[in-house]
Structures are given as C-alpha cells and as structure tokens.
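Chain by chain, the residues:
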Amino acid sequence: MSSVTWVYILLGLYIVYSTYEGMKGFFKEKTAAGYAIGGRSVPFIAFLMAATAASFSGWTFIGHPGLIWRDGLAYAFASFYVITIPITGTFFAKRQWLLGKRYGFVTPGDMYAYYFNSEALRYLVVLTAVLYSIFYSAVQLMAAGALFNVITGVDFITGALFLAAIVWFYVVTGGMKAGAYVGVLQFCLLVGGIILLGIFVIHDPQFGGWSGFAASMAKLDQKFLTVPEVITWGLGKKGAASWTSMMILTYMFALMGIQSSPAFTMTFFGIKSPKPLAWQQTFMSTFVVGFALFYFTAFQGMGAKVLEVAGVATFQGMSDRTIVPTLIQNFLPPFMVGLVFMGAIAAIHSTAAPYINTGGSILLRDVYWRLIRKQQAGDAEQIWVNRILTTVLTISALYVGINSKAALVILGALATAFGFVMYVLLIGVCWGFKFPRVGAVLGTAAGMFAVYLTYAVWPNPLSMHCAFWGTFVGLIVAYICKGIGIKDDKETIDRQAEIRQWLDSVDAPTESGIKWRGIMKFVVPLWFFFAIGPACILGNNAFSFAGFPPLWSWQIFWWAASIVMMWGLCFKAEMSTTNDDQIARANKETMIVVKA
C-alpha cells in the first residue's frame, strides 16, 4: 500500500480512539468541575504521559528540527527545554495541587484572586490564558496543516481545518479527562515518531553512515556549528533571532512559561494526587524526551542542512515548516510514513487539546459564570457554554495561525512568554515572596505590556527574549509598589498569613530535604550558567566525542548532568515528592472558598 493509504488508515484508527474517549466523557462528566478539571481525579499514568506530551507538542516535532536546519546547533540549545519546562513544575506544581485541594480552586484566577484579594487580577489571568491558548494552539494547528499538505497533497488550510476538527471534537465532548486519556497514546506516538524519523535519516545511504554524516557536518559554515557571541548590544531589530548566549538563556525562560501558564495550573488542580509529579519532571521529560531531542531531532535538522548544502534538489527552497514533512516523505517506507505522521499529529493534538480546553473553562468560570451569571448557572449550562467558548478559541487559533507569517517556534515562544509572566504571581502564592496586591496587579499588567513591546516594537533588546523582559519588568513594578510603601488591608494580610502557615506546615521538608535544598541553591544556578547561559559559548571549542561537533557534545554533556540535577531537585530536595500524610492532610483539612 502507498504511504498516503497508510496515513489515512492510521489516522482513521486514531480518530476512532479519540472519538471513543470524547464520547465516554460526554456521557460520564455531568458536573462543571468534572468537565473542566476531570473532577480532580486524573490518574497517575494519564497525567504522567499526557502532561509530558502537552509540554512538548507539535512545535517540538515539526518546528524544532526546522529551526535547527535554519539556524544550526546554536538553536539546538532549545532542546534544553526538556529541563526548563519541567523545572517550573518542580518549583510550583506540588504547592498548587495542595492549594487547589484545600481551598477548592478550579481556575488559576480563583487562586490568584483569593491570595491577593483582587478580582482585577483574575481578569488579567483570564487575558493571559486566552492569549496563550490562541497563540500556542495556532502553532499546533498550523503545523498540522503543513504536515498534511506535504504528506497527502491536501490543501494546507483544508488539512489544518480537518485536523483541528478532530481535536476540537474530543475536547468539546469529553473535557479534561478525555484529553488526558488520549494523551497517553499521544505521548507514545510523539516520542516514537521523533526517534523513528531520526533513525531513518541517520541510516540513509546518501550520508555514508555516521562517519560520513559527521564529516559532512564538519564542512558546514561555522555559523551552523557555533554560538555567535554572548550578547548583542542595542535595541532589537526586525528579523530572525540571533542565537547569542543570552538569547538562548532567555528563550529557555520563555519555555519555562509552559508549566507556569494558566492551563498547567488547571492541569495540576485536576490530578488525583501529586505523586506522578517527580517522575514526570525527572524521568519522562528530562530523560525520555531529552533522549529523543538531543539526538534525533538534531539528526533531522542537521541532516536536512547537509542535504541542502550538498545541492539535493528536494531540499532547496525549504522553510522551517516543511523540513520535517519533507524528511518523512523522502526517508521513510510507506507504513513508517503513516506511523511517524501519526506521531506528529499526536504531538500537535496533545498540546492543542489542553490549551483550548482550559482556555474555554477559564472563560466559562471566570467570565460567564462569575461575571455574567453571578454564580447562578447550573452544571449542564456551564458545560454547554464551556463547549461554545472552546469552539470560539479553536476558531480564533485557526485564524491567527493561518494569517501569521512567523516561524512556528517563535510564535509559540510569544505565547509562552505570557505564561512566564505568571512567575510574578506564583512566587508570591507558592513561596511567600512579598509585594502588595497593587504590585501584583500592576506588575502582571506591566509584564504583559513589556512582552508585547519587546516582541513587536523592539524585538529582543540586548538579544534577550521578550519572556525575560516581561517578567523582569513585572517584578520591578511589583517591588516598586512595595518600596514606595503601598500596604495591603488587614483582610488580605490575614488571608495570606493563613495560607502561608498551612502551606509551609504541610509541605515542610525533612532534615535531608533541607540539606539537599541548600546544595541545589548552588547547583541549579551553576547549571543554568554553563549549560544554557553566558558560558555556553565555551561549547564552540569544547571537547568532542564520537564524531559529534564540539557544540553538540557540550549540549549532550550538560543534558546528562541535568538528569542528575533534576533527580536531586525533585526527589532528594523533596521539591516534587509527597508522602501519605501530606496527601491525607490536603484531603481532610479543607477550607473551600470557591462555590462549585
């Protein structure tokens, strides 16, 4: 059978499974909370795999190799988001789950508005969630259209609409838990597809084996094999990003915004227990996905560059959106085309699903239910309005994606920059950093505005990503408000003191955990400095092994070190682990402040 036939057969099976999960949720989920956050009962395996798949998505499968092809190994430092994405969860996820369980929070707006005693903050978070959902989902849906177009010949827009309809259906019908169960399959397809495509590329005879591939890479222009400089002075200019050391570091900050986004806050609220968190962060993300990215996405991107430079006709006139689809079409036998195609679709859907689902739920709970219906709408009404709002977000994401000319990964990084601004609020809620309510509101607003300015008006000043500037400005504004003497009222102070006392009591580390946290306070900044910070430029002339260029060898070494670092943070420093007593207290010591 032809490759296109296999694509449709496997796509058909995938549609059947996702439709089944969606319809199962349709008939089972009868409460608004059950639909929006899975009734706080998403199980261990479903979260472990679905959250990992949601973190990496279609831009990892398609956009990431595409930019390695375009910009070389300097961009391949982006593979370190297998650490910087879950490290945000390491800092905040467990404590968000504990807070959600005790106080009954359904949306991140509930949590932030209660802690800072500010409804204005709720609506800033709603705005963040909507922008994030639209931009990040747009990346996924456009990647799907590009892939479908190259593999099957179906028109780009038609393909994007068709594949968007699939994810829209099972999300709209089944809600969060349906998306999580489909996410288990999506994770397997995502990682398997990346590895399979990389294997077929690197074993293709035209490269002459690994030695031939390495020799061809060594002949490439040095701009594809080195980090250009530590920092570029001056205001940003329009055009492609310059992958300086500081751009690499601050771009990783943008990716840290994935698990600080409002969507992931709702995902953390939805899990049955926090026990899978440490395993997701250390093993599934850092190790499993890291293995796929540091080797096999780089094989794809650098392989395409070698063929382009060699004058292979198929690889002339490519764009970052079409590199991976072209590799699939030219390097894989028919059945593998279908299987790897499904890996890419699974990657795309695994991220689009939770973002349009949580975006709709946030609009429903924080705007329609609270502001318009004054908390009087019943479960059935909430679920159906949620479905309508999810549909609106899907259509909006399609419109943005179809009309955007930005590179897939860069457009996605704009979305995650808004998520990273949530650090301003999370460090207060989860760890007690002190600034007044006015500082939280103005800091968040200023941070979002700074993201816009340093993305659209003065792109990447000092070759530093807009995510850095947004959060930096947000924190400066928040602490200026504290510095000039703005105070909170007694109700807010007492509320925050009660939360701090309970949270610090239930999540107090053991003596061993305290010692490890002291160690990690030095280890983590050092890792950031050398692996993805200013010192990563040392990789240009560092060691080389097994034929890998020095910069690639540097990346692999620090990836291996990061696995140990994440194990130390998550398990030994107890940042992500919980015991039965902590879970029992969270279940029993409830103080629900949100109406169901």
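Each chain has its residues counted from 1, running along the sequence as written. Local features in this predicted model are restricted to residues whose pLDDT is 70 or higher, and side-chain atom pairs enter the listing and the counts only when it is 80 or higher, whereas totals over whole chains, interfaces and linings include all residues. In computing side-chain properties, one takes all heavy atoms of the structure into account and sets aside hydrogens as well as water.

A. Local environment of helix α13 (residues 323–331). For α13, the tally of buried residues reaches seven of nine residues, placing the bulk of the element in the interior. Any residue under 20% of the maximum accessible area for its type is buried, any over 50% is exposed, and the rest in between are partly exposed; the area is computed with a 1.4 Å probe on protein chains only. Only DSSP runs of H or I with at least four residues qualify as helices, and only runs of E with at least two residues qualify as strands; both kinds are numbered from the N terminus onward. Those residues of α13 that sit buried are I323, V324, P325, T326, L327, I328 and F331.

B. The pattern of salt bridges, seen in detail. Any carboxyl oxygen of Asp or Glu within 4 Å of a side-chain nitrogen of Lys or Arg constitutes a salt bridge here. Following the criterion strictly, the structure yields 17 salt bridges and no others. A salt bridge links D507 to R95, with the shortest nitrogen-to-oxygen separation between them at 2.7 Å. Here D507, found in the loop between α20 (490–506) and α21 (511–532), pairs with R95, found in helix α5 (residues 81–103); they are 412 residues apart in sequence, far enough to count as distant. By sharing partners, the salt bridges in this structure join D110, E119, R122, D366 and R370 into a single network.

C. Structural detail: helix α10 (residues 245–256). The span expected for a helix works out to 1.5 Å for each residue beyond the first. Over its 12 residues, α10 runs 17 Å from end to end, which matches the ideal 16 Å to within 8%, given 1.5 Å per residue. Extensive coverage of α10 is indicated by the burial of 12 of its 12 residues. Taken together, the buried positions of α10 are S245, M246, M247, I248, L249, T250, Y251, M252, F253, A254, L255 and M256.

D. Region of the structure containing the packing of helix α8 (residues 156–202) against α13. It is at 10 Å that the axes of α8 and α13 come closest, and there the two elements cross at 60°. With respect to α13, the element α8 is oriented oblique. Handedness of the crossing formed by α8 with α13: left-handed. Residues L197, F200 and V201 of α8 touch α13, and the partners they reach there are V324, L327, I328 and F331. When its residues are assigned to classes, the contact of α8 with α13 shows seven nonpolar, no polar and no charged. Simply put, an axis is a line fit to the C-alpha atoms, just over the touching stretch for a helix, and the angle between two N-to-C directions goes from 0 to 180 degrees. If an angle is under 35 degrees, it is roughly parallel; if it is over 145, roughly antiparallel; if it lies from 65 to 115, roughly perpendicular; otherwise it is oblique. Handedness of a crossing follows from how the near helix is turned relative to the far one, being left-handed for an anticlockwise turn of less than a right angle and right-handed for a clockwise one. Two residues form a contact once any of their heavy atoms are found within 4.5 Å. When residues are sorted by character, Ala, Val, Leu, Ile, Met, Phe, Trp, Tyr, Cys and Pro go into the nonpolar class, Asp, Glu, Lys and Arg into the charged class, and all the rest, Gly among them, into the polar class.

E. Main features of the state of the cysteines. The disulfide criterion is simple: two cysteine sulfur atoms within 2.5 Å. Considering all chains together, one arrives at zero disulfides under this definition. For the unlinked cysteine C466, the closest cysteine sulfur is that of C536, found at 19 Å.

F. Broad picture of the layout of surface pockets. Note on definitions: the grid is 1 Å and covers protein atoms alone; a cavity is a set of points where a 1.4 Å probe fits but cannot get out; a pocket is an open set with protein on both sides within 12 Å along at least five of seven lines; lining residues have an atom within 4 Å of a point. Grid points are joined across faces, edges and corners, and a volume is the space filled by probe spheres set on the points. Volume-wise, the largest pocket comes out at about 800 Å³. In this structure, the largest pocket is lined by 26 residues; those nearest its centre are F91, M256, Y423, I427 and V524. Listed by contribution, the elements that provide at least two residues to the lining of the largest pocket are α5, α10, α17 (423–431), α19 (466–483) and α21. Ranked by residues supplied to the lining of the largest pocket, first place goes to α21 with eight residues. When the residues that make up the lining of the largest pocket are grouped by side-chain class, the tally is 22 nonpolar, two polar and two charged.

G. Spotlight on the packing of aromatic side chains. Ring pairs are drawn from Phe, Tyr and Trp, using the six-membered ring of Trp, whenever the two centres fall within 6.5 Å, and their geometry is named by plane angle: stacked under 30 degrees, edge-to-face over 60, tilted for the rest. All told, the structure shown has 60 aromatic pairs when counted by the stated rule. Aromatic side chains F92 and Y423 sit 5.0 Å apart centroid to centroid with 85° between the ring planes, which places their arrangement in the edge-to-face category. With F92 in helix α5 and Y423 in helix α17, this pair connects stretches of sequence that are 331 residues apart. The pair formed by F92 and Y423 is uniform in burial state, with each residue classed as buried. Ring geometry for Y103 versus F105: centroids 5.6 Å apart, planes at 20°, classification stacked.

H. Here's a closer look at empty space enclosed by the protein. The final tally for this structure, using the stated rule, is two cavities of 30 Å³ or more. A volume near 230 Å³ is recorded for the largest cavity. Counting only elements with at least two residues in the lining of the largest cavity, the list comes to α3 (44–71), α8 and α14 (334–372). With seven residues, the single largest contributor to the lining of the largest cavity is α8. The residue makeup of the lining of the largest cavity, split by class, is 12 nonpolar, eight polar and no charged. Lining the second largest cavity we find I68, L73, A76, S79, L293, F294, T297, A298, W552 and Q555. Broken down by secondary-structure element, the contributors of at least two residues to the lining of the second largest cavity are α4 (73–76), α12 (277–309) and α22 (550–572). Here the lining of the second largest cavity takes four residues from α12, the largest share from any one element. When the residues that make up the lining of the second largest cavity are grouped by side-chain class, the tally is seven nonpolar, three polar and no charged.

I. Inspection of the environment of G174 at higher detail. Note on placement: G174 falls in helix α8. A sequence separation of 148 residues divides G174 from F26, and the C-alpha atoms of the two residues are 4.8 Å apart.

J. Expanded view of the nonpolar core. Within this scheme, the nonpolar core is defined by two criteria: the residues are buried Ala, Val, Leu, Ile, Met, Phe, Trp, Tyr or Cys, and they are joined through side-chain atoms within 4.5 Å. Formed by 204 residues in total, the largest nonpolar core has its most connected members in F80, I532 and W552. Other than its neighbours up to four places away in sequence, F80 contacts M252, F294, W527, A531, I532, Q555, W558 and W559. By size, the runner-up hydrophobic cluster in this structure holds five residues, among which are L364, Y368, W369 and A377.

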